[in-house]
Amino acid sequence: MLKKVAFPFVSECTARLTIGLAAACAVLTLTASLASAQTADQAWLKYRGVSGRWRVPLQVEALGKSPIETSAAAELRHGITQFSNASLLWRGSALYAKTVVGTLDEVRRAFPNLPIPRTLPPEGYWLYWSGTTGDMNGSESSHRLIVAGADDRGILYGVFAVLREIAAGPTPFEMHTSAPAMPIRWVDHWDNADGSIERGYAGRSLFFEGGKVRDDLAPVAEYGRLLASVGINGCNVNNVNGSSPFLASDMLHGIARVADAMRPWGVRIAISVDIASPQKIGGLPTYDPLDPAVQAWWNTKVDEIYALIPDFAGFTVKADSEGQPGPASYGRTPADAANTLAAALAPHHGVVLYRAFVYNHHLDWTDPKADRARAAYDIFHPLGGKFAPNVIVQTKEGPIDFQVREPVSPLFGGLTQTSQALEVQITQEYLGQQRHLVYLAPLWKEVLDFDLRVDGTRSPVQQVLSRKNGGMVGVSGVGRDAWLSSPLALANLYAFGRLAWDPTLAPEKIAEEWTRQTVSTDTAVVQKVEKMLMQSWPAYEDYTGPLGLQTLTDITGSHYGPGIEGSENNGWGQWHRADHLGVGMDRSVATGTGYAGQYQPDVATIYENAATTPDNLLLFFHHVPYTYRLHDGKTVIQYLYDSHYAGAAQAAQIVRDWQSLQGRIDPALYNNVLPRLEYQAGHAIVWRDAIVQYFLKLSGIPDDQGRAGTFPGRLEAEDARLTSYRIIDVKPWEDASRGKAVSCPAAAEESAPRSCFAEWTYSGSAGRYDIAVQYFDLQGGIAKFAMTVNGQPVGPDTSWLADAQLPTARPHGDNSTRHIIPNVVLKSGDTIRIMGTPDTNDPAALDYIEITPAASDSH
Ligand code: GCV
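Below or above, wherever it landed, is the structure these notes cover. (Residues numbered from 1 in each chain as written. Predicted model: local features only at pLDDT ≥ 70, side-chain atom pairs only at ≥ 80, totals over all residues. Heavy atoms only, no water.)

Section: the side chain of Thr817
Which entries qualify depends on this criterion: A run of H or I in DSSP becomes a helix once it reaches four residues, and a run of E becomes a strand once it reaches two; helices and strands are each numbered from the N terminus. For every residue, the accessible area obtained with a 1.4 Å probe (protein chains only) is divided by the maximum for its type, and the residue is called buried under 20%, exposed over 50%, and partly exposed between those limits. By the convention used here, residues are in contact when the closest approach between their heavy atoms is within 4.5 Å.
Here Thr817 lies in strand E27 (residues 816-826). Relative accessible area serves as the criterion here: at 7%, Thr817 is assigned to the buried category. Those residues in contact with Thr817 that sit more than four places away from it in its chain are Tyr679, Val773, Gln774, Tyr775, Asp777 and Leu806.

In structure tokens, the structure reads:
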């Protein structure tokens, strides 16, 4: 939380470096870049030259010697040197000015006459400018920028605040105090010992490879820098699934090296533990948490950990969930299990984050009262007051599983005596897997602001998290591929840390801050990128699962492309119960599963009735006919059609917005992002068409705009003159246009032809057109495609490779991909031909081509 005091830091930066300082700075920069190919400056810590408004003394003095204080001072030196463009000269006696960093006590001792705050909350900082803020002609002692921390971490966070304010400008720097709103600000990794990452879409693990901790931990130290820069103070390094190997002694020695790499950045290490470890790796006959031998085993193991990692943060537990063992095997509760671990950790000041993600995934789909959404509250609410003080119940934002929209979990309002942490997902599992731009701060902010109305009084979620040991945990997914693979996805890691520090921050402000540090400080660019980010989650919701339907994907498969029935008719309970008359889950108390009644009365009353439920959650709480009217009078079915067309149009607009930045931003960044956004716009059409044609067929109700089921300019592959291509049924049917595609027998088959052909005769009016080719880019091979008109290639983009890394090994909405050939001149009678050449397991499958007036003509 930021408390501003009126002390404007007016500035104008011209800097002079003493030769020694310049050399030291250069060495620091060089060392950082040589040590690790994956560096924090590839994310937002770029410290690029800023316009001449800032006056930060280049000499940095650390009053103490702790490792964190030392890295804080080095970071500040490095940052301001970079900002000041090193070659510029610092004028006049400002040469003598200094930036001084230290703890509050150190600063008080060194400068007894300054108006130093008596105390600061833990990890907080105080920034103060001593001396005049006008010209710099005072004496040596009169000009100091003071960065004082409540403790070592506070210094670090203060230093990063200074650097952020300079980088993110443009408003003049203000003196202020700030402290984190919640003590737990962790990232969780779902990294496996073999180096893979569950639900990670950005390469392999930073920490592990081949069953052990990697030799090169330089990227881990850089990661620590990044995390510290946004105030994150904990990192759980391993997957909550299959975690027993991580308690083996060899592995713990490796993890101690990870802790060493992160320690200078104030990030404490935690691990996920398997509750059955005493049996699995301890050789005991039981893992009953109330068995004294089991408790003794945990005590000994925890002592071993602290001998290696004295500042170890604690354990995260997934138990009795999705096949993980748990206390239920012995008739024990989560509190029994959590308290056993907590007792072992308490003497060392460690904590247990016990996940409320406990549910039965063998529910009876035919039972109208069965409801996975109820599980967390049903299990944990009765345990209120039974958890040890160092246990924190960690709950996902909604009652299901990181869907594009869910109501806020009622458990936040139902465990008043226990510390709680909100678990959100930075890695975009159900939200586009780093291939779609989805800026998540607006989603998280809605959760943080949601008023739980505990005991009928205002109680936003952020207030619950600020209680005792509460906090926020972000499932990171960071890997070796440029941290989060997509440059714009890094805004999510940034936003997570900023919101955990200060949940009152506006997502727009965070987007702006991040953009200024990462993309450009040009106001027009900043506004455009901020707009793109802010519109991305609503667009994604519109084309993947509006009205509280949740992400309509195959929930037992990749969790990526459209797969509407994948969530129905199984035990996993992510149902939306669509039939030919209506759609939605009845979760009311009166006629449904009763889930709505788990909220505090003020909220329960709202969700109990369809008429008072917000439209964007209607189908989460109620089963209604397709003709049910929303608050603006539109029917549910018409909204489903409209939102999908609007969402896909918005995805296309985001591409145009980015294109408008060409020449105004770093070309490498521009060229990296553009194909990602173009891919997203194409995939949004796959989503749109799948969901629209599915509900059109199921409901039999036409789109009053006449779009559903009609595709102007579309020529289906199954209607083409085919040479060697075979017509196939795509499963699920809605993932291909009209359910069918064509596939070329794979080249691996001996009798397979080298290439297959699909040919259409164009019969429209003459003109210039864009031709979109919709094909399936399968795993296990790199098929080739080429297009000709009357036997001739029609431009540089007419042949391409299906070489994207997409999920699923058969033609499916996961891998349905669009390639656009722009500005093709056509006249009636022309022959358009696609040649598909399969490779290994990729049969160059083709769905359709779509001919639309050239976009360049409409500009
Ligand atoms: C780590 C979802 C994911 C799983 C994940 C689980 C969890 O179900 O799909 O991969 O497992 O959540 O949060 O434990």
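Describing the site of the ligand
Formally: Residues are classed as near a molecule or strand on a simple rule: at least one heavy atom within 4 Å of it. Between N or O atoms, a polar contact is any pair within 3.5 Å; within protein, one atom must be a potential hydrogen donor and the other a potential acceptor, and residues adjacent in sequence are included only when both atoms are from side chains. Areas reported here follow the Shrake-Rupley algorithm with a probe of radius 1.4 Å; residue values treat only the protein chains shown as occluding. Side-chain classes are defined by residue name, with Ala, Val, Leu, Ile, Met, Phe, Trp, Tyr, Cys and Pro counting as nonpolar, Asp, Glu, Lys and Arg as charged, and the others, Gly among them, as polar.
Of all residues adjacent to the ligand, which total 14 residues, the nearest are Glu198, Lys318, Arg355, Lys396 and Glu429. One nitrogen or oxygen atom from the side chain of Lys396 is found 2.6 Å from an oxygen atom belonging to the ligand. A distance of 2.5 Å separates an oxygen atom of the ligand from a polar side-chain atom of Glu429. Within the complex, the protein chains bury 97% of what would otherwise be the 340 Å² of accessible surface of the ligand. Its residues placed into classes, the shell around the ligand shows 3 nonpolar, 3 polar and 8 charged.

Points about the pattern of salt bridges
Oppositely charged side chains can form a pair if their charged atoms are brought close together. Rules: The rule for a salt bridge is simple: a side-chain nitrogen of Lys or Arg has to be within 4 Å of a carboxyl oxygen of Asp or Glu.
Counted by the stated rule, this structure contains 43 salt bridges. Residue Glu123 pairs with Arg153 through a salt bridge whose shortest N-O separation is 3.8 Å. Residue Glu123 is found in the loop between helix H3 (104-110) and strand E4 (125-130), and its partner Arg153 is found in helix H4 (residues 152-168); the two are separated by 30 residues along the sequence. Residue Glu123 shares its accessibility class with Arg153, and that shared class is buried.

Thoughts on the state of the cysteines
Here a disulfide denotes a covalent bond joining the sulfur atom of one cysteine to the sulfur atom of another. To be explicit about the condition: Pairs of cysteine sulfur atoms within 2.5 Å are identified as disulfides in what follows.
Following the criterion strictly, the structure yields 1 disulfide and no others. In this model Cys744 forms its disulfide with Cys756; the gap between the sulfur atoms is 1.9 Å. Negative torsions about the S-S bond denote left-handed disulfides, and the value of about 80° found for Cys744 with Cys756 makes this one right-handed. Remark: Cys756 occurs in strand E23 (residues 756-761) and Cys744 occurs in the loop between strand E22 (740-743) and E23; sequence separation between them is 12 residues. Like Cys744, the residue Cys756 is buried in the burial classification.

A closer look at the packing of aromatic side chains
The description of two aromatic rings rests on the distance between their centres and on the angle between their planes. For clarity, the cut-off: Note on ring pairs: Phe, Tyr and Trp rings are taken, using the six-membered ring of Trp, and paired if centres are within 6.5 Å. Classes follow the plane angle, with under 30 degrees stacked, over 60 edge-to-face and the rest tilted. By the criterion adopted, a ring carries a charge over it if an Arg CZ or a Lys NZ lies within 6 Å of its centre and within 35 degrees of its normal.
Summed over all chains, the structure comprises 35 aromatic pairs. Ring centres 5.3 Å apart and planes at 70° place the aromatic pair Tyr540 and Tyr543 in the edge-to-face group. Highlighted residues: Tyr540 and Tyr543, both in helix H15 (residues 523-544), separated by 3 residues, approximately one helical turn. Like Tyr540, the residue Tyr543 is buried in the burial classification. Geometrically, the ring pair formed by Tyr595 and Phe621 is stacked, given 5.7 Å between the ring centres and 25° between the ring planes. Of this pair, Tyr595 sits in the loop between strand E17 (582-583) and helix H16 (601-608) while Phe621 sits in helix H17 (residues 618-621), and the two are 26 residues apart along the sequence. Counting every residue linked through ring pairs, the aromatic cluster contains Phe207, Phe208, Tyr223, Phe246 and Trp483. Its guanidinium or amino end placed over the ring of Trp733, Lys697 lies 4.2 Å from that ring's centre, counting from NZ or CZ.

Describing the pairing of strand E15 (residues 419-425)
Within a regular beta strand, the side chains point alternately toward one face of the sheet and then the other, so they alternate between its two faces. The line we're drawing: In this analysis, strands are considered paired if DSSP registers two or more bridges between them.
By the criterion of burial, E15 is predominantly enclosed, with 7 of the 7 residues buried. Across the two faces of E15 the burial is the same, with Ser419, Ala421, Glu423 and Gln425 and Gln420, Leu422 and Val424 all buried. Here 5 bridges tie strand E14 (residues 391-396) to E15, and the two strands are oriented parallel to one another. Along E15, the bridge assignment pairs Lys396 with Glu423. Pairing analysis gives 5 bridges linking E15 to strand E16 (residues 471-475), with the strands arranged parallel. From the neighbouring strand, Gln425 faces E16, where its bridge partner is Val475.

A short note on the side chain of Gln774
By the element assignment, Gln774 lies in strand E24 (residues 767-776). Leave out the neighbours within four places in its chain, and Gln774 touches Val686, Ser816, Thr817, Arg818, Leu846, Asp847 and Tyr848.

A closer look at the sheet that holds E16
Operational definition: Every axis corresponds to a line fitted to the C-alpha atoms, with the helix fit spanning only the stretch in contact, and the corresponding angles, defined between N-to-C directions, vary from 0 to 180 degrees.
Strand order in the closed barrel made by the 8 strands is E7-E10-E11-E12-E13-E14-E15-E16, with parallel pairing throughout. Looking at each pair of strands side by side, their axes are set apart by 25° on average, direction ignored. Running at roughly 145° to strand E11 (residues 268-273), helix H6 (residues 249-262) makes contact with strand E10 (234-236) and E11 of the sheet.

Some remarks on the environment of Gly323
In this fold, Gly323 is placed in the loop between strand E12 (314-317) and helix H9 (334-345). Each C-alpha atom of the pair Gly323 and Gln38 lies 35 Å from the other, and the pair is 285 residues apart in sequence.

Some remarks on the environment of Ser567
In this fold, Ser567 is placed in the loop between H15 and E17. For the pair Ser567 and Ala270, spaced 297 residues apart in the sequence, the C-alpha separation amounts to 33 Å. What Ser567 contacts, discounting residues up to four positions off in sequence, is Thr553, Ile555, Gln574, Trp575 and His576. A polar contact is formed between the side chain of Ser567 and the backbone oxygen of Ile564, at a distance of 3.3 Å.

Comments concerning unusual backbone geometry
Trans peptide bonds make up most of the peptide bonds, and negative phi angles are found at most residues other than glycine. Going from Lys731 to Pro732, the amide bond is cis rather than trans, its omega being -5°. Among the structural elements, Pro732 can be located in the loop between strand E21 (726-729) and E22. Here Ala482, not a glycine, exhibits a phi torsion of approximately 50°, which is positive. Considering the arrangement of structural elements, one finds Ala482 in the loop between E16 and helix H13 (490-501).

Regarding the nonpolar core
Across soluble globular proteins, nonpolar side chains have a tendency to be buried as a group. Note the threshold: Remark: nonpolar core denotes a set of buried residues (Ala, Val, Leu, Ile, Met, Phe, Trp, Tyr, Cys) joined through side-chain atoms within 4.5 Å.
One finds Tyr223 and Trp658 to be the most contacted residues of the largest nonpolar core, which totals 212 residues. With 13 residues, helix H19 (residues 667-699) is the single largest residue contributor to this core. The residues contacting Trp658, other than those within four sequence positions of it, are Leu488, Val529, Met532, Ile665, Leu669, Tyr670, Val673, Leu674 and Leu677. Counting residues in each nonpolar core, the second largest holds 28 residues, with Val742, Val789, Ala802 and Leu826 among its members.

Describing the sheet that holds strand E26 (residues 799-802)
Across the sheet, 5 strands lie side by side as E20-E23-E28-E25-E26; this open sheet has antiparallel pairing. Across the chains shown, the open sheet's two edge strands, defined by having one partner strand only, are strand E20 (721-723) and E26. Taken over all neighbouring pairs, the strand axes of this sheet differ in orientation by 15° on average, direction set aside.

Regarding the pairing of strand E25 (residues 783-789)
Burial runs high along E25: 6 of the 7 residues are buried. Where E25 lies against E26, 4 bridges are found, and the strand directions are antiparallel. Bridge pairing links Lys784 to Leu801 in E26. As judged from the 6 bridges shared by E25 and strand E28 (residues 831-837), these two strands associate in the antiparallel manner. What sits directly across from Phe785, in E28, is Gly836.

Overview of the packing of helix H14 (residues 507-518) against H15
For any two helices packed against each other, one specifies the inter-axial angle together with the distance between the axes. The following threshold applies: Should an angle fall under 35 degrees it is called roughly parallel, over 145 degrees roughly antiparallel, and 65 to 115 degrees roughly perpendicular, with every other angle called oblique. Rotating anticlockwise by less than a right angle from the far helix to the near helix defines a left-handed crossing, while the corresponding clockwise rotation defines a right-handed one.
Look at H14 against H15: their axes get within 9 Å of each other, and the N-to-C directions meet at 130°. Taken together, the axes of H14 and H15 lie oblique to each other. Note that H14 runs across H15; the crossing there is right-handed. Taking contact as the criterion, the partners of Pro507, Glu508, Ala511, Glu512, Trp514, Thr515 and Arg516 in H14 are, on H15, Thr523, Val526, Val529, Glu530, Leu533 and Met534. Across the contact of H14 with H15, the residue classes tally to 7 nonpolar, 2 polar and 4 charged.

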